[in-house]
Amino acid sequence: MHFLWASIRKELKRRFNDPWALFMWLAIPATFGLLMSTVMGGGGPRIRALLLVSDLDDSFISQTLPAAFSGGQLADMVEVREIGEIEGKALMEEGGASAHLVIPEGFGDDYLNRRPVDISLSVNPAQRISPRLVRDVLESFLDLGNYLHLVLGDELKAITALDDADDLLSEVTALISADISRKITKVGPFLFPPKIEIVDRTPVPEGRPVSDLLLMFPGVLIMAVFFAGNGMASNYWTEREKGTLGRWLVSPNHMGIFWAGQFVSAMLLLGLVALPILIGGFFYVGIPFEMLIPSLLWLMLAGPLLFAFLMLVQVSAATSNSADVIATLLMFPLLMVGGSFFPTEAMPEWLAPVADFTPNGRILEPLKQYFIGTFGASGLLEALAPVLAATIVLIVLAWLVVRRRLTN
Amino acid sequence: MIEVKDLQKSYGELLAVKGVSFTARKGSVFGLLGPNGAGKSTVISCICGLLKPTAGTVTVNGFDIVGEAKKAKRSLGVVPQELAIYEDFSARDNLAYWGAAYGLKGRELKSRVAYVLERIGLQDRAGELPKNYSGGLKRRLNFGCGLVHEPEILLLDEPTVGVDPQSRERLFNLVKEERDKGTCVLYTTHYMEEAENLCDELAIIDHGKIIAAGTLKDLRAQVGESDIIQLSGTFDPIAVEAAILGLAIDSEILVLSAGTLVLAIEEAAAQLPAVLQAVSSTEAEIRETRLSEPNLESLFLKLTGSELRA
Ligand SMILES: Nc1ncnc2c1ncn2[C@@H]1O[C@H](COP(=O)(O)OP(=O)(O)OP(=O)(O)O)[C@@H](O)[C@H]1O
Ligand SMILES: [Mg+2]
């Protein structure tokens with residue numbers, strides 16, 4: 001145990017004796033992230049969801065539903081297209097849209113009279129984020145609608161009673177809107193103190209708005225983890241060529257201690273490299289800081305999968321040079337396919353699922369979903385088990401390869 | 001104590017060690033003397049458990065190095081021929097780390113590290129990273145790493161290669177000190193002066209086989225009292241052989257080729273003029289003459305017909 005600790009300390013101390021390498025692991029992905037975010041900010045590729053709406057009701061109430069997507073950032077991300085029900089279905093079947101919302105006849109009426117409201121939303125399973133986004137927005141919008149109904153039922157009825165005369169409508173709407181807001185401020189706190197607050201908010205989805213930056217950010221983190229993991233895995237050849245691995249083998253210690261030391265120090269170093277990027281990114285992207293610790297732990301516990309994968313590459317290669325070449329040749333395509341250079345959401349449909357088969361994609365995707373809000377920290381925990389199992393398998397394989405190669 | 005019995009080791013097709021046996025004892029230095037490629041390092045690697053013997057056995061302090069590796073390894077300290085140190089880890093850290101590898105800790109570890117640093121003359125630069133050291137300093141650190149844990153058995157594989165004479169003297173003293181403390185030292189070298197100076201017992205190894213073994217005295221006896229005369233130049237071997245035999249002196253031709261003549265001969269200094277005259281009479285051209293007292297070099301010459309230092 002004492003020697004395991006000494007081995008971990010040794011790895012850390014050696015890294016700190018070469019702070020530049022440590023810094024580069026961190027600096028390259030961070031720079032890349034910043035560059036990409038600048039490029040994207042300047043009108044680069046964006047995620048766009050195409051929401052088809054077949055409004056069979058065509059009432060005032062039904063028309064407010066698509067309007068849920070017209071505000072703020074959502075307007076940039078979701079394009080709403082009115083379409084007939086049949087055409088919409090066809091287009092969905094072709095995979096030409098993210099989601100199709102069908103508002104049935106009588107929807108407005110049902111809503112106003114508080115009868116069960118039923119709308120149908122079909123989503124495109126080949127796309128990941130966009131349909132989710134649509135559903136989330138709609139759900140929260142409908143929730144909002146329920147509160148609205150409780151407080152403002154009369155005004156809503158008044159609006160629907162109006163004729164379609166456009167000018168008049170907008171004028172009256174403005175008036176009534178003013179009335180609504182007055183009413184909320186006045187009555188709200190007394191009627192439904194906790195709920196009015198929700199009514200008062202602009203109708204955006206719960207959770208974070210899914211921006212390009214948010215989608216890019218996990219990729220940058222994983223890139224840093226990949227680089228750092230590679231740096232640490234290539235330590236195998238340093239140990240071999242500098243003869244220290246040989247010294248290790250002639251010492252009376254179990255090789256398990258060597259591998260445990262490698263694993264734990266990799267874990268700590270990955271955390272060390274990830275932390276500054278996490279903190280910087282959380283500020284920059286605007287992720288709440290209560291997500292910092294789970295994210296860091298995820299990178300430290302799941303990140304060693306990349307280290308273990310690269311370690312297996314290193315120990316299987318014939319020389320340190322070929323190890324480096326193979327590692328580099330593997331790393332860049334993997335980073336690309338695994339969603340580090342651009343998120344899976346921006347990939348062609350056929351390519352996106354491939355990310356799941358890459359070790360880095362396996363670490364990136366759950367973290368991204370966590371950032372987006374698909375699941376909480378417990379979701380990360382669930383995703384961790386198979387990653388850890390794979391890590392252990394890879395390390396044991398590397399160990400066996402080394403044993404076979406070095407003592408014959 | 002190290003006992004090596006009928007040790008064989010092959011690298012694929014190449015049989016590098018062909019049945020080597022010897023015993024190295026507590027409190028003495030056992031030398032393994034041989035030219036490049038003789039198989040010295042391979043033997044060392046088999047003893048310390050880095051390589052698995054192809055055949056034969058190695059026991060270290062009574063423990064089989066294959067079957068009871070952990071127990072056997074515990075008493076070993078190894079100074080490999082190739083440097084085995086972390087270059088990005090200070091000398092002090094290196095020593096402390098390898099000490100910890102053998103279970104040293106706390107105050108004991110600290111005092112051992114300080115002691116070894118002083119003995120290898122690195123105390124003033126202990127905090128520096130070895131990558132900034134000269135080759136000789138790295139060697140000294142490599143040496144220190146092998147004995148920081150006070151092993152009962154020390155395997156030294158050509159520890160003085162590339163070390164300046166002063167440091168070499170220092171390392172010799174360290175080895176002798178360890179021996180006097182009761183350590184069993186196995187020392188490989190291709191410098192016969194080192195072997196003569198340091199070793200209590202010796203084995204001369206060539207092409208993976210021990211060709212002579214015993215104490216220094218035993219080996220000297222094998223060379224006999226003959227001195228060595230060594231001539232280089234251009235010779236006609238048949239004519240030269242006839243001329244030497246015609247001298248009717250007590251001599252033995254060890255090597256005779258178109259470029260070299262080596263003779264074992266008693267009272268060489270007195271006989272040299274006659275030898276030179278006889279060789280010259282064959283119209284040979286003599287470019288260099290060397291005369292030496294009986295030593296391991298001459299034994300090696302005698303046994304193998306070639307020089308130790310190729
Ligand atoms: N890893 C290896 N693979 C194949 N052949 C090897 C290997 N190591 C050594 N040999 C061969 O085995 C023989 C013995 O080598 P070894 O290193 O034991 O000699 P040595 O006596 O230590 O020589 P030196 O004085 O040069 O260190 C040589 O012919 C060498 O080429
Ligand atoms: Mg050698």
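K.L.:
Explain the overall build of chain B to me, and be specific about the residues and the numbers.
P.N.:
Across its full length, chain B holds eleven helices and 14 strands. Evaluated residue by residue, chain B yields a buried proportion of 52% over its 310 residues. The long-range fraction of contacts in chain B, counting pairs at least 24 apart against all pairs at least 6 apart in sequence, stands at 67%. Of the roughly 13,400 Å² that chain B leaves accessible, carbon and sulfur atoms contribute 48%. Of the side-chain charges in chain B, 34 are positive and 43 negative, and the distance between the mean point of each set is 11 Å.

K.L.:
Account for the overall build of chain A, naming residues and giving values.
P.N.:
The helix and strand inventory of chain A stands at 18 helices and four strands. Within chain A, the proportion of its 408 residues that are buried is 50%. The long-range fraction of contacts in chain A, counting pairs at least 24 apart against all pairs at least 6 apart in sequence, stands at 76%. Summed over its atoms, the accessible surface of chain A is roughly 18,900 Å², and 64% of this surface lies on carbon and sulfur atoms.

K.L.:
Before we move on, can you summarise the site of ligand 1 with the specific residues and values?
P.N.:
Residue and element names in this part refer to chain B. Neighbouring ligand 1 are 13 residues; Gly37, Lys40, Ser41, Thr42 and Glu158 lie closest to it. Contact distances for ligand 1 include 2.7 Å between an oxygen atom and a side-chain N or O atom of Ser41. For ligand 1, an oxygen atom lies 2.8 Å from a polar atom in the side chain of Gln81. For ligand 1, whose unbound accessible area comes to 620 Å², protein coverage reaches 61%. Contributions of two or more residues to the shell around ligand 1 are made by strand 2 (14-24) and helix 1 (40-47).

K.L.:
Outline the domain arrangement of chain B, supporting the account with residue identities and numerical values.
P.N.:
You can read the domains of chain B as domain 1 (2-221) and domain 2 (225-293). Just the C-alpha atoms count here: the centres of domain 1 of chain B and domain 2 of chain B sit 40 Å apart.

K.L.:
So, the interface of chain B and chain A: which residues are in play, and what are the values?
P.N.:
At the junction of the two partners, chain B supplies 30 residues and chain A supplies 23 residues. Summing the contributions of chain B and of chain A, the shared interface buries around 2,500 Å²; its carbon and sulfur component is 58%. A per-residue breakdown of the area chain B buries against chain A is headed by B:Leu50, B:Tyr86 and B:Tyr97, which together make up 24% of the total. Inspection of the region where chain B meets chain A yields three salt bridges. Ionic pairing is found between B:Asp88 and A:Arg14, a salt bridge with its closest N-O pair at 2.7 Å. If you look at where chain B meets chain A, you find 13 residue pairs in polar contact (both at pLDDT 80 or more).

K.L.:
Outline the packing of aromatic side chains, supporting the account with residue identities and numerical values.
P.N.:
A full pass over the atoms with the stated rule returns 21 aromatic pairs over all chains. Ring centres 5.2 Å apart and planes at 40° place the aromatic pair A:Phe3 and A:Trp248 in the tilted group. Remark: A:Trp248 occurs in helix 12 (residues 244-250) and A:Phe3 occurs in helix 1 (residues 2-16); sequence separation between them is 245 residues. Of the residues examined, A:Trp248 reaches a relative accessible area of 1% and is grouped as buried. An aromatic cluster is defined as three or more aromatic residues linked by ring pairs; in this entry it consists of A:Phe3, A:Trp248, A:Phe258, A:Trp259, B:Tyr86, B:Phe89, B:Tyr97 and B:Trp98. Its end group placed over the ring of B:Trp98, A:Arg247 keeps NZ or CZ at 5.8 Å from the ring centre. Between B:Arg168 and the ring centre of B:Tyr191, over which it is positioned, the NZ or CZ distance is 4.9 Å.

K.L.:
Please provide a residue-by-residue account of the sheet that holds strand 13 (residues 260-265) of chain B, values included.
P.N.:
Across a sheet, strands are paired by hydrogen bonds formed along the backbone, either parallel or antiparallel in direction. Residues and elements named next belong to chain B. The four strands lie next to each other as 12-13-11-14, forming an open sheet whose pairing is antiparallel. In this open sheet, the two edge strands, each paired with only one partner strand, are strand 12 (251-256) and strand 14 (285-292). Taking each pair of neighbouring strands and ignoring which way they run, the sheet shows an average axis angle of 20°. One ladder, built from five bridges, connects strand 12 with strand 13; its direction is antiparallel. In the strand pairing of strand 13, Val255 is matched with Val262. With respect to the sheet, helix 9 (residues 237-246) is in contact with strand 12 and strand 13, its orientation differing from that of strand 12 by roughly 170°. Strand contacts of helix 11 (residues 296-304): strand 11 (227-234), strand 12 and strand 13, with the helix running at about 75° to strand 12, the strand carrying the most contacts.

K.L.:
Any details on the coordination of the magnesium ion (ligand 2)? Residues and values, ideally.
P.N.:
Residues and elements named next belong to chain B. Within the protein, the magnesium ion (ligand 2) binds to Ser41 (OG) and Gln81 (OE1); these donor distances fall in the range 1.9 to 2.0 Å. On the criterion of sequence distance, the pair formed by Ser41 in helix 1 and Gln81 in the loop between strand 6 (76-79) and helix 3 (91-100) is long-range, its members being 40 residues apart. Given a relative accessible area of 24%, Ser41 falls into the partly exposed group. Looking at Gln81, the relative accessible area reads 27%, which means it is partly exposed.

K.L.:
Summarise a nonpolar patch on the surface; cite the residues concerned and give the values.
P.N.:
Residues and elements named next belong to chain A. Taken together, the side chains of Leu34, Leu275, Ile279, Phe283, Tyr284 and Phe289 make up a nonpolar region of the molecular surface, amounting to roughly 580 Å² of accessible area. In terms of residue count, helix 13 (residues 255-286) provides more of the nonpolar patch than any other element does, four residues in total. Residue Phe283 is classed as exposed on the basis of its relative accessible area, which comes to 63%.

K.L.:
Describe the packing of helix 3 of chain B against helix 4 (residues 106-119) of chain B, with residues and values.
P.N.:
Residue and element names in this part refer to chain B. Helix 4 packs onto helix 3 with a crossing angle of 130° between their chain directions and a minimal axis gap of 9 Å. Overall, the two elements helix 3 and helix 4 adopt an arrangement that is oblique. Every pair of crossing elements has a handedness; the one defined by helix 3 and helix 4 is right-handed. Contacts between helix 3 and helix 4 involve Ala91, Arg92, Leu95, Ala96, Gly99 and Ala100 from the first element and Leu109, Val113, Val116 and Leu117 from the second.

K.L.:
Go over the packing of helix 14 (residues 292-302) of chain A against helix 15 (residues 304-316) of chain A with me, naming the residues and quoting the values.
P.N.:
Residue and element names in this part refer to chain A. Taken N-terminus to C-terminus, the directions of helix 14 and helix 15 make an angle of 20°; their axes are 5 Å apart at the nearest point. By the criterion of interaxial angle, the relationship of helix 14 to helix 15 is roughly parallel. In this structure, helix 14 contributes Leu299, Met300, Leu301 and Ala302 to the contact, and helix 15 contributes Pro304, Leu305 and Leu306. A breakdown of the residues in the contact of helix 14 with helix 15 according to their chemical character gives seven nonpolar, no polar and no charged.

K.L.:
How would you sum up the pattern of salt bridges? Please name residues and give values.
P.N.:
Counted by the stated rule, this structure contains 21 salt bridges over all chains. Linking B:Glu87 and A:Lys242 is a salt bridge whose minimum nitrogen-to-oxygen distance equals 3.8 Å. Taken together, the positions of B:Glu87 in the loop between strand 6 and helix 3 and A:Lys242 in the loop between helix 11 (235-241) and helix 12 put the pair across two chains. Its relative accessible area of 33% is what places A:Lys242 among the partly exposed residues. The partner of B:Glu194 in a salt bridge is B:Arg168, and the shortest N-O contact between them spans 3.7 Å. Of the two residues, B:Glu194 sits in helix 7 (residues 192-198) while B:Arg168 sits in helix 6 (residues 165-180), which places them 26 residues apart along the sequence. Via salt bridges that share partners, A:Lys10, A:Glu11, A:Arg14, A:Arg15, A:Glu239 and B:Asp88 belong to a single interconnected network.

About the cut-offs
Residues numbered from 1 in each chain as written. Chains lettered and ligands numbered in written order. Predicted model: local features only at pLDDT ≥ 70, side-chain atom pairs only at ≥ 80, totals over all residues. Heavy atoms only, no water. Helix = DSSP H or I, 4+ residues; strand = E, 2+ residues; numbered from the N terminus. Buried < 20%, exposed > 50% of the residue type's maximum accessible area, 1.4 Å probe, protein only. Contact = heavy atoms within 4.5 Å. Areas by Shrake-Rupley, 256 points an atom, 1.4 Å probe, with all protein chains shown as cover. Lys, Arg positive; Asp, Glu negative; His and termini not counted. Charge placed at Lys NZ, Arg CZ, Asp CG, Glu CD. Near = heavy atom within 4 Å. Polar contact = N/O pair within 3.5 Å; in protein donor to acceptor, adjacent residues only side chain to side chain. Domains from an automatic or database assignment. Buried area = accessible area lost by both parts, 1.4 Å probe. Salt bridge = Lys/Arg side-chain N within 4 Å of Asp/Glu carboxyl O. Phe/Tyr/Trp six-rings, centres within 6.5 Å; stacked < 30°, edge-to-face > 60°. Lys NZ or Arg CZ within 6 Å of the ring centre and 35° of its normal. Pairing = 2+ DSSP bridges. Axes fitted to C-alpha atoms, helices over the stretch in contact; angles between N-to-C directions. Donors = N, O, S within 2.8 Å, 3.2 Å for Na, K, Ca; no water. Patch = residues over 30% accessible without salt bridge, like charges linked within 9 Å, V, L, I, M, F, W, Y side chains within 5 Å. Parallel < 35°, antiparallel > 145°, perpendicular 65-115°, else oblique. Left-handed = near helix turned anticlockwise from the far one by under 90°. Nonpolar A, V, L, I, M, F, W, Y, C, P; charged D, E, K, R; others polar.

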